[in-house]
Amino acid sequence: NNSDVEEASLFLEEYNNVSQTTFNRNMEAAWTFNTNITNENQKKMVEVQLETDLWQQEMANRAAAFNTSAFNATMQRQFYKIKDIGTAAMTDHGKLQKLNEVLSDMESIYSTGKVCFAENDCKPLDPDITRLFETSRDEQKLRIAWKGWRDQTGRKMRDLYTTFHSFCVYPCVCVGYADTGAYWRSWYEMDTFDQEVKRLFEQLKPLYEQLHAFVRQRLKKQYGAAIFPQTGHIPAHLLGNMWAQSWNSLQDLLMPFPSKPILDVTEEMVKQKYTPRKIFEVSDDFFKSLGMIEMPFEFWNKSMLERPAGREVVCHASAWDFYNGRDFRVKQCTDITMDHLSTAHHEMGHIEYFLQYRNQPLVFRDGANPGFHEAVGDVISLSVETPKHLNKIGLLPNYVEDNETDINFLMAMALQKIAFLPFGYLIDQWRWSVFKGVTKASDYNKAWWNLRCGLQGVSPPVPRSEEDFDPGAKYHIPGNTPYIRYFVSYVLQFQFHKALCGIAGHNGPLHTCDIYNSSAAGQKLSAMLSKGSSQVWTESLKELTGQTTMSAQPLMDYFQPLLDYLRAANGDEVGWSDDCPSFADPL
Ligand SMILES: O=C(CCC(O)(O)[C@H](Cc1ccccc1)NC(=O)c1ccccc1)N[C@@H](Cc1c[nH]c2ccccc12)C(=O)O
Ligand SMILES: [Zn+2]
């Protein structure tokens, strides 16, 4: 086979040119479906996806003809990535078409799902049901919505997921990997990755248990102990979020010092007549203050920043690279809430990464690892959400810095970040076991609730059975989007924040740091982001933080003052038993 460097360079040049138009076309077809769900747009997207997969197969085969052993590291890495195409490697085109159809069917069911409270009173997740979970304290209404959403989504896609599942187990269609989970974990380029995340989760569990105990005790006061199981679990519909994944909308119930100003600025945003566009301009302004790249004209022109009237769309937020170096978009059904301000920063972080690595060869236009891509926007939010910064941008007018507000702030951040950790960890524990063939279709829901009860300490508010498919009620399962990346991001973002705060010259506790206007921090972050996936992520981490491994220490240091407060407040009422209450065994 061919070891000619000259010819290899020509091949890479051709790949780089043709892939930009091929991937651009694929993204346009996906965008058309995502922003207007119709059968015609779905069919067109599946068709273009198949053509793209087959083109990738052809390029992978041509790349395989080269003997890269004498090539330099960068060329070797490019050839590796051109050949590593996952499910696109399926040679059975009929099966490949079927796979893409099943995935788009599940995405449609999820995105058009509505909860019906009465015959002609059906509401979509965004914004109606999301607002209900954020604002209602009526546990009956929450229970109906919790069950209704799962009846309208997960329950309806169980057979589709079973079909999808058949493509993911051994012999995996992702050439070279035991199963789809093994392929997904390979993106972290370390064969101890699953032990690494398990170690980090165990290290962080005590923080979560303390927060869980504090919240449980407060919710018992709010709703009465009678609806809480003896096992110590918290009924999942009471935590202010459809999936109990972040609890920050419960702030008003949970502030240690309620006399101080509330740190959820949703009300102030509404009062100041914030618009979706204004929300994204706040985020763009922060990146500009760091001397980073501002949103190009096309971003403002082509993004979908709010839910359009009169058609079905995929409302779950996402950021889009159209692979031509200038067309980058966000799709978000933006509501005027603090949570959406945070989500907008998250999506903008993806766009900033696209902008920083847009001159890389196409195969390197990716995060150093998937967790890096999820962390960029959240790092900015760690500065934006400080009371000091919210006061600076006029969203927290009557703010006075004192240590009661400090603890209130740390509680608000813990309800967003600490609460998330078991959820961010457990989704792919479930999925990896499904892809390995350990969890069979007949046990999907039992395995899901074992993890939800065991790791997250939450229980279903109504009995569950194998007629249900509760994993399908969370976007990333029908969307087939890996999830461990968010757990990795929640650890990395505090490592990044600590490093950037040091570069910005911050003194004092980490949780009061705001890197706004620090061009030094912006330069350091830009330099790392511009590398894309051209080098192994440990190198990128080292360039930014000096460390070469993920470490939970910065996160734990950040929350240390709150942990002391929680330990004092909780006493020994901490934890829950492993058995799942009210799980109805198959009838
Ligand atoms: O799912 C998301 C945001 C969606 C996304 O930006 O991560 C999106 C997911 C997605 C991936 C693939 C296809 C469709 C949607 N990811 C991207 O848009 C994306 C784009 C390029 C590279 C990597 C990711 N957030 C998570 C949790 C979360 C993490 N950080 C947050 C900050 C604020 C609010 C929520 C979160 C969730 O809602 O459960
Ligand atoms: Zn993301």
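Residues numbered from 1 in each chain as written. Chains lettered and ligands numbered in written order. Predicted model: local features only at pLDDT ≥ 70, side-chain atom pairs only at ≥ 80, totals over all residues. Heavy atoms only, no water.

Section: empty space enclosed by the protein
Step number 1: For the structure on display, the rule yields three cavities of 30 Å³ or more.
Step number 2: Lining the largest cavity are L207, L211, A414, I418, F559, L562, L563 and L566.
Step number 3: With four residues, helix 23 (residues 553-570) is the largest single contributor of residues to the lining of the largest cavity.
Step number 4: Of the residues assigned to the lining of the largest cavity, the class counts are eight nonpolar, no polar and no charged.
Step number 5: Computed from the structure, the second largest cavity encloses a volume of approximately 40 Å³. (1 Å grid on protein atoms, 1.4 Å probe; cavity = no way out; pocket = protein on both sides within 12 Å on 5 of 7 lines; lining within 4 Å. Points joined across faces, edges and corners; volume = space filled by probe spheres on them. Helix = DSSP H or I, 4+ residues; strand = E, 2+ residues; numbered from the N terminus. Nonpolar A, V, L, I, M, F, W, Y, C, P; charged D, E, K, R; others polar.)

Overview of the layout of surface pockets
Step number 1: By volume, the second largest pocket amounts to about 210 Å³.
Step number 2: Taken together, twelve residues make up the lining of the second largest pocket; nearest its centre are A60, N61, K83, A89 and V175.
Step number 3: Looking at the lining of the second largest pocket, the element that brings in the most residues is helix 2 (residues 39-64), giving four residues.
Step number 4: Here the residues of the lining of the second largest pocket sort into six nonpolar, four polar and two charged.

Comments concerning the packing of aromatic side chains
Step number 1: Per the stated rule, a full pass over the model turns up 51 aromatic pairs.
Step number 2: The interplanar angle of 80° and the centroid separation of 5.9 Å between the aromatic rings of Y161 and Y444 together place this pair among those described as edge-to-face. Note that Y161 is positioned in helix 7 (residues 158-166) and Y444 in helix 19 (residues 444-456), a separation of 283 residues in sequence. Of the two residues, Y161 and Y444, neither departs from the other in class, the shared state being buried.
Step number 3: Their ring planes at 20° and their centres at 6.2 Å tell us that W320 and F322 sit as a pair that is stacked.
Step number 4: Among the aromatic residues, ring-to-ring pairing joins Y161, F164, Y177, Y183, W184, W187, W430, F435, Y444, W448 and F469 into one connected group.
Step number 5: Just above the ring of Y490 sits the side chain of K417; from NZ or CZ to the centre is 4.6 Å.
Step number 6: Sitting above the plane of the W243 ring, K474 keeps its charged end 4.2 Å from the centroid. (Phe/Tyr/Trp six-rings, centres within 6.5 Å; stacked < 30°, edge-to-face > 60°. Buried < 20%, exposed > 50% of the residue type's maximum accessible area, 1.4 Å probe, protein only. Lys NZ or Arg CZ within 6 Å of the ring centre and 35° of its normal.)

Thoughts on the confidence of the model for the protein chain
Step number 1: Scored by pLDDT, the protein chain comes out at a mean of 96, with 98% of its residues at no less than 70.
Step number 2: Confidence metrics for the complex model read pTM 0.98 and ipTM 0.99. (pLDDT = per-residue confidence, 0-100.)

Some remarks on the coordination of the zinc ion (ligand 2)
Step number 1: At this site the zinc ion (ligand 2) is bound by H346 (NE2), H350 (NE2) and E374 (OE), with donor distances of 1.9 to 2.1 Å.
Step number 2: Sequence spacing among the residues donating to the zinc ion (ligand 2) works out to H-x3-H-x23-E. Taken together, the residues H346 and H350, both in helix 14 (residues 338-356) and four residues apart, mark about one turn of the helix. H350 carries the same exposure label as H346, and that label is buried. (Donors = N, O, S within 2.8 Å, 3.2 Å for Na, K, Ca; no water.)

Regarding the pattern of salt bridges
Step number 1: Within the structure shown, the criterion is met by 31 salt bridges.
Step number 2: Residues E312 and K114 are paired through a salt bridge, measuring 2.8 Å at the closest nitrogen-oxygen approach. Taken as a pair, E312 in the loop between helix 13 (297-302) and strand 4 (318-321) and K114 in strand 1 (residues 114-118) lie far apart in primary sequence, 198 residues in all.
Step number 3: Residue K114 is classed as partly exposed on the basis of its relative accessible area, which comes to 27%.
Step number 4: For the salt bridge of K123 with D121, the shortest nitrogen-to-oxygen distance reads 2.7 Å.
Step number 5: The exposure class of D121 is partly exposed, given its relative accessible area of 24%. (Salt bridge = Lys/Arg side-chain N within 4 Å of Asp/Glu carboxyl O.)

Things to note about the side chain of S534
Step number 1: Along the chain, S534 falls in the loop between helix 21 (519-529) and helix 22 (537-545).
Step number 2: For S534, a relative accessible area of 18% gives the class buried.
Step number 3: Among the polar contacts listed, one links the side chain of S534 to the backbone oxygen of K531, at a separation of 2.6 Å.
Step number 4: Setting aside chain neighbours within four positions, we find S534 in contact with R77, Q360 and F364. (Polar contact = N/O pair within 3.5 Å; in protein donor to acceptor, adjacent residues only side chain to side chain. Contact = heavy atoms within 4.5 Å.)

Observations regarding the site of ligand 1
Step number 1: The environment of ligand 1 is made up of 21 residues, and the closest members are H316, A319, E347, Y483 and Y486.
Step number 2: Residue H350 places a side-chain N or O atom 3.2 Å away from an oxygen atom belonging to ligand 1.
Step number 3: Between ligand 1 and Y486, the relevant distance is 2.6 Å, taken from an oxygen atom to a side-chain nitrogen or oxygen of the residue.
Step number 4: Of all the elements in the fold, those that place two or more residues in the shell around ligand 1 are strand 4, helix 14, helix 15 (370-384) and helix 20 (484-503).
Step number 5: Among the elements that make up the shell around ligand 1, the one with the highest residue count is helix 14 (six residues).
Step number 6: For the shell around ligand 1, the per-class residue count stands at seven nonpolar, ten polar and four charged. (Near = heavy atom within 4 Å.)

Some points on the environment of G571
Step number 1: Inspection of the secondary structure assignment puts G571 in the segment after helix 23.
Step number 2: G571 sits in the partly exposed class, given a relative accessible area of 49%.
Step number 3: Taking the C-alpha atoms as reference points, G571 and Q210, 361 residues apart in sequence, are found 9.5 Å from one another.

Some thoughts on the nonpolar core
Step number 1: Counting 189 residues, the largest nonpolar core has Y161, L211, V215, W247, W430, F487 and F559 as the members making the most contacts within it.
Step number 2: The leading source of residues in this core is helix 9 (residues 193-223), at twelve residues.
Step number 3: Beyond its immediate chain neighbours, meaning those up to four positions away, F487 contacts V197, L200, F201, L204, F420, L421, G424 and Y425. (Core = buried A, V, L, I, M, F, W, Y, C linked by side-chain atoms within 4.5 Å.)

Focus on the packing of helix 9 against helix 18 (residues 420-435)
Step number 1: Following both chains from N to C, one finds helix 9 and helix 18 inclined at 145°, their axes separated by 10 Å at the closest point. The handedness of the crossing between helix 9 and helix 18 comes out as left-handed. Contact residues: F193, D194, V197, K198, F201, L204 and Y208 in helix 9; L421, P422, Y425 and W432 in helix 18. (Axes fitted to C-alpha atoms, helices over the stretch in contact; angles between N-to-C directions. Left-handed = near helix turned anticlockwise from the far one by under 90°.)

So, helix 4 (residues 93-111)
Step number 1: In a regular helix each residue adds 1.5 Å, so 19 residues correspond to 27 Å; helix 4 covers 27 Å between its end C-alpha atoms and thus fits that length.
Step number 2: All of the buried residues along helix 4 are L96, L99, N100, V102, L103, S104, M106, E107, S108, Y110 and S111.
Step number 3: Residues of helix 4 that are buried in the fold lie against helix 1 (5-34), helix 2, helix 5 (125-135), helix 6 (139-152) and helix 7. (Expected span 1.5 Å × (residues − 1).)

A few points about the state of the cysteines
Step number 1: Applying the stated criterion across every chain, the model contains four disulfides.
Step number 2: One disulfide bridge connects C116 with C122, the sulfur atoms lying 2.0 Å from each other. Sign of the S-S torsion, about 105° for the bond between C116 and C122, identifies this disulfide as right-handed.
Step number 3: When its relative accessible area of 40% is taken as the criterion, C116 is described as partly exposed.
Step number 4: Exposure remark for C122: the relative accessible area of 33% places this residue in the partly exposed category.
Step number 5: The disulfide partner of C453 is C580, and the gap between their sulfur atoms is 2.4 Å. An S-S torsion of about 135° defines the bridge between C453 and C580 as right-handed. Taken as a pair, C453 in helix 19 and C580 in the segment after helix 23 lie far apart in primary sequence, 127 residues in all. As far as the burial class goes, C453 and C580 line up, both buried.
Step number 6: Each bonded cysteine in the protein chain gets a number by its place in the sequence, and the pairs come out as 1-2, 3-4, 5-8, 6-7. (Disulfide = S-S within 2.5 Å.)

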